[in-house]
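Survey of secondary and tertiary structure
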Amino acid sequence: MALCWISIHSVVVVWSIMCSFTANVRSSPCAEVHAPSTVVLAGSPVTVSCYIKEDCSLTKGQDFHVEWPYQANLNYSDVANQNKSIYEIIIHKFTDRTAVLHCAICKHEDCSVVAGVEIKAANPPPALQNLTCLLNLTVPYSLLCTWNPGEETSSIPTTYTLHTEIRNQAFKYVPPPGKHFYRVPRNGFALFYEVQVHVEAVNALGRSTSEHWVMDPMETVKLDTPEIQKVGTEKYGCLRHKWSLSERQRWIVKYMCIEIRLTPMHGKVSDRQQVSLRNHSKPGTIDVCDLLHGMMYQSEMRVRYRSSPWSEWSHPTVATTLIKAPTGRLVTWLKLLGQSANRRHRAELFWKPSLQFRANSMNVSYIVSLVRPPSQRKTVCNTFQQHCSFQIPVDVRKIHLTAVNTAGKSSPTEVAVYKHTEQDPVAYLRVYPESEESVLTEWSSPVSSAVSTYVLEWKALHEEIPQISFEIVDKNQSSLVVAGLEPYQPYNISIYPKYKDGIGQPYTVMAYTRQKAPSKSPEPQFGEIRSSYVELYWDEIPLQNRNGIITSYRVFYWDDENRVRVTDLEGTEKRVVLKDLRPSSMYSIILMTSTTGGSINGTTVTVKTPSIDAFEIVLVVIPACVGLTLLFLGVFTCFSNNKCLKKCLWPMIPDPANSSIKKWTITSSLQDIPSFKEVKDPVLVYLSHFSLLSLSEKELWKGNPSTSEYLHSCKWSYDGKSVNDDHSDSSRDSGIYNSGSQTESVPYATVVFANSYRSQPAAPPAYLRSESTQPLLGEEEPSSPRPYEKMLTQAEPSEADHFSTFQEDLGSKQERVSLWEDFPMLKSLEVKGSSHQA
Amino acid sequence: MHLFLELHLALCVLSLVSPAPIQEPWKDMQDPEFQEAVESGHSLIRKILDDITELHNLWIPKGLSLDKKDSSKLKFLKTHLNLPEAPAIKPLSDSFTLGACLSQIATGLKLHQTLLTVVSKLSPAKSEMVDGLLCDIRDLLLQVRKMQDLKNLLSKPEPQPVSESQLEETLAPKLSDEYKKHVAAHLTLLQLRDFSQEVSRTFRSMTVPSNSGN
């Protein structure tokens, strides 16, 4: 069927080509237009002729001429022809893809098109490129060949033919139009034999051929994935692989390129290197040697035939090489922790394989033994880990570390025990990020230069059980690149100088290889919320989420009206108080956390500040009011009663004019005297001043008749315990005076406290005669108080309160005046008292 | 005397250490290109053997198996059909040279090409499978020709044992029914399998162990 279709297609193409190359004649009743071909080579000259028939009605007996209208863009010229009925033109360079030439008979300017012809310009097929073939070994076998046709000339059809040739036997295949590939059937190629392949393109103007390619189709096949049937061990360090091609390709028994990839399954113990073997092999067995002893390997293989594409990798197969006893030394790092207690040190021993160490098995355990001279050993650890904690007695100087597997033991690695651990640290340790997985560490030697080596130690802080890694560094070295770290994770890097007799103090730095913004920002919690401030606090970001060293926090907060405010905090702070907030406002808050690698915003939290509450009002307003009130009252009182002010501001000055000698207890008139702290008990106070301003006359005379009587009979008593007789006499005499008598000028007496002023020692009270001649103040005042007639005594209060004004008869007045002459001060007092009565 | 003995011993040791000399028929086969062709031929003959089994399963009813015991029962029909037999291939020796061997293999392959073509024409089969087998036989023939070319052993082409038309004329009247057609196809495949096994053995004998492997 395909052959039939191909043959029909070929016939059509050939016919079309034949037609295109034959003389192209287009005729009408009046004329015939003749062109050499309807398809011409682009850019070539074309001659077109128009033959006017003799019997054309348009030309009979008329003058006419022939024109080629609508060809303004064509550069053509007339060609003289001896035959007058043939009009010929030549187009010097035909470049149009398609052009239609019309022949017109014109009478004067009246032209009629009588015939025409369509001509196409085209190129021969371009050179074909990139012919490739690929053998497919799936039944039915086929060889898929493809090529690049180059720049196609679409104006005319092009036919492609794929040719194959096997030992003088040729085959041709024509793909469908427009297709540039062909699947050659099995008979068109041979296996393991050279096949010559080329493609030919043909169109109306020519042909082109690709390069002839000689190849073995088997060299183009991508074989199926091979199968590793078995991996066994017969020799130390070798694995024997039995392999084959896939079942449908097992007939191929030729040498092939194979690649075997062996990956250690237990990279922790020793070499992590992948082993790769390329070889030529027939399907069968192949040994891969120079492998680690006792190591589990995962084997994969792929295959190709000569230069053909590689197959896919086979399914992995796992096998273990034969086991041997461990060999080589271990690199150790012994740390004594703290001071010795009970003649023992706490110690941690870390180790790792040296470059020469070979575990020679998958599972290696380690034995740590304390060695006491001469050869006493005590095992303190038997572990599969690469570190061990134990206690060392102070007399132990050496430790032996031995690797053990099922095949035997390694020779012990000797570890010296350094007792002194308090020696100088390095001056500094600096860590610089170098890549995503490494940092450069730099340190300076300690002050004492007797360092033998350094131990650089690092551990990942983000791991639940941090694994300590270490490196022993030569004393002349002052920097080291620590690799194999994870980016954005914290590491503690320490350097220990190692001295001849001990180990120095570590110098530790926390470092990151790379930093970035934290994975999350902490969720702020609200503390105290008041109308004008809000307290925020938050927890530390978990170490796994920090991604760097927290350098700062920034709190953005804004109110309902989007007035944004910012507060910055150090990275170490975890609490902030947002002040100057407005009451009853909703605030949105975002906490931004930053590292040197970036920042991250937390979630927005909102808080509403409360309005000012009653409690706050009470706290603020009431004290203010009370204060104001007290102030006001105080000021008012002081200014309205200047006595009080006087009392407050200066000591009491007795006014002899308004004084009479009297004795009373402080309890009865405490409010009239300034308060002295010392005077708290009801003790006797001796004053020279006494006033009755606050007592009305009625009050004075109120009381029982006996009092009045008593007053009239002048029998008022005086407690003379502390007052001498003279004074009592004077007192008694003072009750007998005439209230109506007044003198112009009276001498006055200075009244002295019988008791001391404040804390002065008490002196016997005495009235002294005043030398002054100044008139007494009391006489100026019309409202001077009445004189006291009797003093209250503590012992007999019933007898004390007797006051009276004396309405003496005028008969006795002269005697009294003569009496007062001897006591001018008392006299003046009486005069004053009389004036008051008046 | 001692010197003679020592020399003798040295020669003995050398003879033990040095590899055994390659015998005459294989001397010409050490050429890598020839060995390459042998390997290719060996691969193709294995493919032909695989194809025979597969084609037999698809083409021939289950009553006729490729088991030799069963095929011995068809002696009468084989004689009746008188299918042309392939030449026997003997082990390589001084008397049966490489040229003769390759010539016999080529003759046998051409015979089976003809036989299979005619039988498949008379007993319609899975054409793709038959075509595939025919192509494999052709490819193997190409390898044989290549070997002959490499050793300049192809002075003149082998005579055609039987032409297609002749065989078709002879065989068509005998294959009157489906059974006989299937028996003819079965016997053809059986004969081709036997021949291929002989060729496979021959190619294996031609293979010189190579150090290019592991």
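For the structure given in this document, a descriptive report is provided here. (Residues numbered from 1 in each chain as written. Chains lettered and ligands numbered in written order. Predicted model: local features only at pLDDT ≥ 70, side-chain atom pairs only at ≥ 80, totals over all residues. Heavy atoms only, no water.)

1. Some remarks on a negative patch on the surface
All names here are of chain A. Going by this rule: Without a salt bridge and with relative accessible area above 30%, a residue can belong to a patch; like charges are then joined within 9 Å and nonpolar side chains (Val, Leu, Ile, Met, Phe, Trp, Tyr) within 5 Å. We get accessible surface area from the Shrake-Rupley algorithm with a probe of 1.4 Å; when it comes to residues, only the shown protein chains can shield them. Any carboxyl oxygen of Asp or Glu within 4 Å of a side-chain nitrogen of Lys or Arg constitutes a salt bridge here. The sign given to each residue is positive for Lys and Arg and negative for Asp and Glu; His and the chain ends receive no count. By convention, the point assigned to a charge is CZ for Arg, NZ for Lys, CD for Glu and CG for Asp. To qualify as a helix, a DSSP run of H or I must reach at least 4 residues; to qualify as a strand, a run of E must reach at least 2; elements of each kind are numbered from the N terminus. Any residue under 20% of the maximum accessible area for its type is buried, any over 50% is exposed, and the rest in between are partly exposed; the area is computed with a 1.4 Å probe on protein chains only.
A contiguous patch of negative charge on the surface is contributed by E436, E437, E463 and E486. Among the structural elements, E463 can be located in the loop between β36 (451-460) and β37 (468-474). Residue classification places E463 among the partly exposed residues on the basis of a relative accessible area of 31%.

2. Brief notes about the state of the cysteines
Residue and element names in this part refer to chain A. Heads up, the rule is: In this description, a disulfide is simply a cysteine sulfur pair whose atoms lie within 2.5 Å.
Evaluated as defined, the whole model comprises six disulfides over all chains. At a sulfur-sulfur separation of 1.8 Å, the disulfide partner of C50 is C103. Residues C50 and C103 are joined by a disulfide whose S-S torsion is about -85°; by sign, that bridge is left-handed. Taken together, the residues C50 in strand β4 (residues 44-52) and C103 in strand β8 (residues 98-107) connect sequence positions 53 residues apart. With respect to burial, C50 and C103 carry one shared label: buried. Disulfide pairing is shown between C381 and C388; the S-S distance is 1.5 Å. For the disulfide bridge between C381 and C388, the dihedral angle about the S-S bond is near 45°, and by the sign convention the bridge is right-handed. Using a relative accessible area of 10% as the deciding quantity, one classes C381 as buried.

3. Things to note about the interface of chain B and chain A
Here is the rule: When checking whether two residues touch, look at their non-hydrogen atoms; a contact exists if any pair is within 4.5 Å. Put simply, buried area is how much 1.4 Å-probe accessible surface two parts lose in total, over both of them, once they are put together. Contacts described as polar in this section are N or O atom pairs within 3.5 Å, which, within protein, must combine one atom able to donate a hydrogen with one able to accept it, while residues neighboring in sequence count only if both atoms come from side chains. For this classification, Asp, Glu, Lys and Arg are treated as charged, while Ala, Val, Leu, Ile, Met, Phe, Trp, Tyr, Cys and Pro are nonpolar and the rest, including Gly, are polar.
Residue-level contacts link 26 residues of chain B with 28 residues of chain A. Overall, the association of chain B and chain A removes approximately 2200 Å² of surface from exposure, summing both partners, and the carbon and sulfur fraction of that is 51%. Here chain B and chain A share seven salt bridges between them. We note a salt bridge from E194 of chain A to K146 of chain B, for which the minimum N-O separation is 3.7 Å. Along the contact surface separating chain B from chain A lie 14 residue pairs in polar contact (both at pLDDT 80 or more). Looking at the side of chain B that touches chain A, the elements that each hand over two or more residues are α3 (32-59) and α7 (127-150) of chain B. Ranked by residue count, the leading element in the side of chain B that touches chain A is α7 of chain B, at 11 residues. For the side of chain B that touches chain A, the per-class residue count stands at four nonpolar, 10 polar and 12 charged.

4. Details of the side chain of S311 of chain A
All names here are of chain A. As for its position among the elements, S311 is in the loop between β23 (296-304) and β24 (317-320). By relative accessible area, which is 4% here, S311 ends up buried. Those residues in contact with S311 that lie beyond four places of it in its chain are K222, L223, D224, T225, P226, R302 and V303.

5. With respect to the side chain of N405 of chain A
By the element assignment, N405 of chain A lies in strand β30 (residues 398-405). A polar contact of 3.0 Å, which involves the side chain of N405 of chain A, links it to the side chain of S361 of chain A.

6. As for unusual backbone geometry
Residues and elements named next belong to chain A. The amide bond that connects V139 to the next residue, P140, takes the cis arrangement and shows omega of -5°. Residue position: P140 is located in the loop between β10 (129-136) and β11 (142-148). A positive phi angle is found at S584, which is not glycine, with a value near 55°. Residue position: S584 is located in the loop between β46 (575-578) and β47 (586-595).

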